[in-house]
Amino acid sequence: MAGRFYPTRIGAGLVTLSLVLSACGDSSQTSAPATAPTGSTQAEADLVKQAAAMQKTILQGAVAGGVIGGGIGFGLGGSDDAGSGISIGLGAGALAGTYVAFVQRNYAGREARLRQIREDLDRNAAEMQTTLTVMNQVLAAQKAELDALNASIAAGKADPALIEKELAEANGNLTQMELAIDGATKRQSEFTEARTLTIARGQTASPIDADLTALSNQITQMRGIASDLASSL
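Residues numbered from 1 in each chain as written. Predicted model: local features only at pLDDT ≥ 70, side-chain atom pairs only at ≥ 80, totals over all residues. Heavy atoms only, no water.

What follows concerns the overall build of the chain. Scanning the chain for helices and strands turns up 8 helices and 0 strands. Secondary structure of the chain in N-to-C order comes out as α-α-α-α-α-α-α-α. Counting only residues that meet the buried cut, the chain has 40% of its 233 residues in that class. The contacts of the chain with a sequence gap of at least 6 include a subset with a gap of at least 24, amounting to 85%. (Helix = DSSP H or I, 4+ residues; strand = E, 2+ residues; numbered from the N terminus. Buried < 20%, exposed > 50% of the residue type's maximum accessible area, 1.4 Å probe, protein only. Contact = heavy atoms within 4.5 Å.)

Dropping the structure here:
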């Protein structure tokens, strides 16, 4: 990724290897070349796709999918709403184009809003799981490549140019993971804000609390995968 420093473990090996090859002069040309990286895999391509998808907000997904209910404007819509707290910041939310404002505008009553938010949560959970699967696939393949790279560095047989190429690939994958995590975190904020719309009058707990906990756990897993890759560099 642009702007990243070389990772300590492999970067140090690259510097050492470069010095050794420079000292050898022309003799380095007689060394057997290391196997070049094969390039982007399907999993890496899928990671780019999923990272881009995760950057779309819940609101964008809802609008793009034409998820429109029997809208009644910005009224509270019935006695089963969460109460006057829903209307706080409503005008500003509408102007900002928030997910909360979208749900309030298009769904009348707490039950309808709860139903829609749960559907959006389910879709998001499925997309997050797909992203997690792809991230794990990329992590496993990337760690295997980095282990092989470290072995070649230790043996003094690695080509510095190929090391740089492999590092660029690994850092690129880490960047895509970070983008996916960033998108997931923003979605979490959207759903957390929308939680107010699902609370019955006089209650504090929400029917989507378990879903929000599951979402938080998925984000924790995503961060763990990215951290694992970063620590391998």
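At a minimum axis separation of 10 Å, helix α6 (residues 110-154) and helix α7 (residues 160-194) run at an interaxial angle of 160°. Taken together, the axis directions place α6 and α7 in an arrangement best described as roughly antiparallel. As α6 runs across α7, the sense of the crossing is left-handed. Residue composition of the contact of α6 with α7, by class: 16 nonpolar, 4 polar and 6 charged. (Axes fitted to C-alpha atoms, helices over the stretch in contact; angles between N-to-C directions. Parallel < 35°, antiparallel > 145°, perpendicular 65-115°, else oblique. Left-handed = near helix turned anticlockwise from the far one by under 90°. Nonpolar A, V, L, I, M, F, W, Y, C, P; charged D, E, K, R; others polar.)

Along the chain, the position of glutamate 169 falls in helix α7. The sequence separation of glutamate 169 and glutamine 142 amounts to 27 residues, and the corresponding C-alpha distance is 8.8 Å.

This part takes up helix α2 (residues 42-54). The end-to-end C-alpha distance of α2, which contains 13 residues, comes to 18 Å, matching closely the 18 Å that a straight helix rising 1.5 Å per residue would cover. Among the residues making up α2, those that are buried are Ala43, Glu44, Leu47, Gln50, Ala51, Ala53 and Met54. If you follow the buried residues of α2, they end up packed against α6 and α7. (Expected span 1.5 Å × (residues − 1).)

Inspection of every chain in the model, using the stated rule, returns 1 aromatic pair. An angle of 80° between the planes, with centres 5.7 Å apart, marks the rings of tyrosine 99 and phenylalanine 191 as edge-to-face. In this pair, tyrosine 99 sits in helix α5 (residues 99-106) while phenylalanine 191 sits in helix α7, placing the two residues 92 residues apart along the sequence. One exposure class covers both tyrosine 99 and phenylalanine 191, and it is buried. (Phe/Tyr/Trp six-rings, centres within 6.5 Å; stacked < 30°, edge-to-face > 60°.)

Okay, the nonpolar core next. The biggest cluster of nonpolar side chains holds 46 residues, and the ones touching the most others in it are Tyr99, Val103, Ile117, Met128, Met177, Phe191 and Met222. When residues of this core are traced back to their parent elements, those giving at least two are α2, α3 (58-64), α5, α6, α7 and α8 (209-232). Broken down by element, the residue count for this core peaks at 13 residues, all from α6. (Core = buried A, V, L, I, M, F, W, Y, C linked by side-chain atoms within 4.5 Å.)

A few words on the environment of leucine 114. Examined against the element boundaries, leucine 114 turns out to sit in helix α6. With a relative accessible area of 5%, leucine 114 lands in the buried category. Distance from leucine 114 to isoleucine 199, taken between C-alpha atoms, is 8.7 Å for residues 85 residues apart in sequence. Filtering out sequence-adjacent residues up to four positions away, leucine 114 remains in contact with Thr198, Pro207 and Ile208.

Counted according to the given criterion, the structure contains 6 salt bridges. Its salt-bridge partner being aspartate 182, residue lysine 186 comes within 3.2 Å of it at the nearest N-O pair. Remark: aspartate 182 and lysine 186 occur in helix α7; sequence separation between them is 4 residues, near one turn of the helix. Since its relative accessible area comes to 43%, lysine 186 is described here as partly exposed. (Salt bridge = Lys/Arg side-chain N within 4 Å of Asp/Glu carboxyl O.)

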